[in-house]
Amino acid sequence: LDDQFVAGFLTYTEESDRTPYNSIRAVRPGSLVIVNPNGYRTEPFWAPEPDKTIHYKSDSDYAEAFMELFQEGLASRMNVNGPVLAELSGGLDSSSIVCTANLLLQRRQVSATSLHTVSFQYDGASSVDESWFMGLVSKKTQLPNVILRDEHILSPQHMMTLSYAPNPHRWCASTFEQSTQLFHALGAQVLLSGMCGDHVFVNDVSHLSVMSYHLTRGHLGTIHRLAQLSAQYANVSYWHTIWLGAIWPWLPSGLRARLSPKR
């Protein structure tokens, strides 16, 4: 086991290439691993450009540019010789991916041969049953949708014995096994997922990390307006939003570790 991973996991200061195991490394975000007979090397292919500003004339121009990037990102993952599998929860992120991927396939802008969707349902979770929303997307796209059920996900014994790290969103053994079987049965090579889309599109505005950017530029008025909106939306205090959004990202990792809540 990698003690450094454990320490980072418990203090919210994980390094992106560490896993629970010393001999296994994850690929860093924005990087690729090139393997050849002589070994392997890691190369970055993308990095944020914090000083680059994009200016368009109208909101519609921003929307059009976004759609171009969104379609380009999906197309780059769907240029495979075979079927593609996509997770579908019926939420904003997965539904957008499925509908756009289906459009690319219909237009023959990608080499994938077909698109299939997979949805997950769990026992005892009727209060968050999303099957109605999944059905709307399936009806719209006419894509085959496989629903996988995990009958024991809420069992305390199941949760204690079959939890997986480092990805807390995928800790169900039965879900994993069924997904793997479906993947092999279809002969799919790619799984499209809307997981963590809220983080990418800042749909969770309980704290806006973009405020830290404005702090370095001295845009105090912008920070004030963002903090007001964020605090009102998330029903938290104004200063709580300032602390998490503007100040916390710049604290040294050691200090963040000491100030993090106990786990």
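Not measured: the values here are computed from a predicted model. (Residues numbered from 1 in each chain as written. Predicted model: local features only at pLDDT ≥ 70, side-chain atom pairs only at ≥ 80, totals over all residues. Heavy atoms only, no water.)

Draft legend 1. Examining the packing of helix α8 (residues 210-217) against helix α10 (residues 238-247) more closely. Running from N to C, α8 and α10 cross one another at 75°; their axes reach a closest spacing of 6 Å. Taken together, the axis directions place α8 and α10 in an arrangement best described as roughly perpendicular. Note on element contacts: α10 touches α8 through T241, G245 and A246, opposite M211, S212 and L215. Each residue belonging to the contact of α8 with α10 can be placed in one class, and the counts come to 3 nonpolar, 3 polar and no charged. (Axes fitted to C-alpha atoms, helices over the stretch in contact; angles between N-to-C directions. Helix = DSSP H or I, 4+ residues; strand = E, 2+ residues; numbered from the N terminus. Parallel < 35°, antiparallel > 145°, perpendicular 65-115°, else oblique. Contact = heavy atoms within 4.5 Å. Nonpolar A, V, L, I, M, F, W, Y, C, P; charged D, E, K, R; others polar.)

Draft legend 2. Local environment of the pattern of salt bridges. Applying the stated criterion across every chain yields a total of 6 salt bridges. Residues R25 and D2 are paired through a salt bridge, measuring 3.9 Å at the closest nitrogen-oxygen approach. Taken together, the residues span a long stretch of sequence, with R25 in the loop between α1 (3-10) and β1 (31-36) and D2 in the segment before α1 at a distance of 23 residues. The closest approach of N and O atoms between E43 and R41, which form a salt bridge, is 2.7 Å. A residue is classified by how much of its surface remains accessible, and R41, at 41% relative accessible area, is partly exposed. A network of salt bridges, in which partner residues are shared, links D2, E15, R18 and R25. (Salt bridge = Lys/Arg side-chain N within 4 Å of Asp/Glu carboxyl O. Buried < 20%, exposed > 50% of the residue type's maximum accessible area, 1.4 Å probe, protein only.)

Draft legend 3. Expanded view of the nonpolar core. By size, the foremost hydrophobic cluster in this structure holds 20 residues, and its most contacted members are L74, M78, V84, V110, A112, L115 and L192. Where this core is concerned, the elements lending two or more residues are α2 (59-78), β3 (83-87), α3 (92-106) and β6 (190-192). Counting residues per element, this core draws most heavily on α3, at 5 residues. Once residues lying within four places of it in the same chain are set aside, the contact partners of A112 are M78, V80, G82, V84 and L105. L208, M211, I223 and A246 belong to the second largest nonpolar core, which has 7 residues in total. (Core = buried A, V, L, I, M, F, W, Y, C linked by side-chain atoms within 4.5 Å.)

Draft legend 4. Spotlight on the side chain of D2. The class of D2 is buried, set by a relative accessible area of 2%. Polar contacts involving the side chain of D2 include one to the main-chain amide nitrogen of Q4, which spans 2.9 Å. For D2, the residues in contact, after removing those within four places along its chain, are R18, T19, P20, Y21, N22 and R25. (Polar contact = N/O pair within 3.5 Å; in protein donor to acceptor, adjacent residues only side chain to side chain.)

Draft legend 5. Representation of the environment of F45 in the model. Looking at the element boundaries, F45 is found in the loop between β2 (39-44) and α2. For F45, a relative accessible area of 55% gives the class exposed. Considered as a pair, F45 and G30 are 15 residues apart in the sequence and their alpha carbons are 5.7 Å apart. Those residues in contact with F45, other than ones at most four positions away along the chain, are G30, S31 and L32.

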